[in-house]
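# Structural characterization, general
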Amino acid sequence: MCFYSVKELIEEAEKRAVAISTVAKEMEAENQEVSLAEIEQRMLKQWLVMKEAAKAGLKEPKKSMGGLIGGEGKLLEEYRLKNRTLAGHMINKAVSRALAVAEVNASMGKIVAAPTAGSCGILPGVLLTVQEELCLSDEKIADGLFTASAFGIIIAQKASISGAEGGCQAECGAAGAMAGAALVELAGGTPSQAGEACAFVLKNILGLVCDPVAGLVEVPCAKRNAMGAALALVAADMALAGIKSVIPVDEVIEAMGEVGCALPESLRETAKGGLAATATGRMLAKRFLFQGETS
Ligand code: SF4
């Protein structure tokens, strides 16, 4: 079983009056030739790794391998706990957790690539937040991950989930879109609303380039995870409110693929353009190279 468009996925869920996660679980069990119980267990295991990464990154942050990031998630969490914050409690909670997971990745800790290591903070960031805020079980969150994965598979087929191929829109954009769709389902929204949330995120990250400073998945990657988490929450709320995307979600995904193909090589993970090519970006790259030669 396979779905080549979000439209087909939504139609299947609506026809059977089930959640997208139910359809996605059945698809995975069939494709991997295992039982539903087995596939649920596997996803639950992934979720527990994600959750642990977020908690570890907040509790004991480590400096990244390149030394460019580390501790920002904890810093925001402390700020959130002491202040009212401008963006609000839930967004900042999700953002601090997304940053924490991205930091764990950059310090070679254990994460789940979702869909990639560079964008690994977004899903755990928002899912751990809704778990805590809506008192959801781990099993329920794993269902959200099935929904996210169904959207991720379609984005990968119709466009890309690789920064080297399609820019950061394909990594942090895809992760945010997957997260937005999952959030809608976990908050009780419809399959169509999940599709709208996916569209809202991608529309607002369209054209985002991949320009890692010194070729390291640190800057701007961690902060793009932060913004991806915020975007997913806002997109989910807009969809739950009944707002619709004028451009249908499948066309948005196709546009993302086309924009990715149009990006020059310098903006597709080569560290030759964008932020990587700024004066500071080049200075940091030189310093990292020098450290590597002397260590
Ligand atoms: S900037 Fe590039 S390496 Fe960093 S998260 Fe985005 S796609 Fe991945």
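You'll find the structure just up there.
In short, a report on the structure. Note that this is a predicted model, so its numbers are computed, not measured.

### Looking at the overall build of the chain
- The secondary structure content of the chain amounts to 13 helices and 0 strands.
- Going residue by residue from the N terminus, the α and β elements of the chain occur as α-α-α-α-α-α-α-α-α-α-α-α-α.
- Radius of gyration (C-alpha) of the chain: 18 Å, near the 19 Å computed for a compact globule of 295 residues.
- Considering only C-alpha atoms, the chain reaches an extent of 60 × 45 × 40 Å along its principal axes.
- Within the chain, the proportion of its 295 residues that are buried is 53%.

### Looking at helix 10 (residues 191–203)
- Over its 13 residues, helix 10 runs 19 Å from end to end, which matches the ideal 18 Å to within 8%, given 1.5 Å per residue.
- Burial within helix 10 is extensive, with 11 of its 13 residues counted as buried.
- Within the sequence span of helix 10, burial applies to Pro191, Gln193, Ala194, Gly195, Glu196, Ala197, Cys198, Ala199, Phe200, Val201 and Leu202.
- Buried positions along helix 10 lie against helix 1 (6–16), helix 2 (20–32), helix 7 (138–158), helix 9 (168–186), helix 11 (221–240) and helix 12 (249–262).

### Some details on helix 2
- Taking 1.5 Å of rise per residue, the 13 residues of helix 2 would be expected to cover 18 Å, and the 18 Å separating its terminal C-alpha atoms lies within 8% of that figure.
- Among the residues making up helix 2, those that are buried are Ile20, Ser21, Val23, Ala24, Lys25, Met27 and Glu28.
- On its buried side, helix 2 packs onto helix 1, helix 3 (36–59), helix 7, helix 9 and helix 10.
- Trailing helix 2 by a residue or two, Glu33 shows a phi angle of about 55°, which is positive.

### Quick word on the site of the ligand
- Taken together, 14 residues sit near the ligand, with Gly118, Gly163, Cys168, Cys210 and Cys221 positioned nearest.
- Its residues placed into classes, the shell around the ligand shows 7 nonpolar, 3 polar and 4 charged.

Conventions and cut-offs
- Residues numbered from 1 in each chain as written.
- Predicted model: local features only at pLDDT ≥ 70, side-chain atom pairs only at ≥ 80, totals over all residues.
- Helix = DSSP H or I, 4+ residues; strand = E, 2+ residues; numbered from the N terminus.
- Rg over C-alpha atoms; globule rule 2.2 N^0.38 Å.
- Buried ≥ 20, exposed ≤ 12 C-beta atoms within 10 Å, placed from the backbone.
- Expected span 1.5 Å × (residues − 1).
- Contact = placed C-beta atoms within 7 Å.
- Near = placed C-beta within 6 Å.
- Nonpolar A, V, L, I, M, F, W, Y, C, P; charged D, E, K, R; others polar.

Geometric values such as these leave the question of function open.
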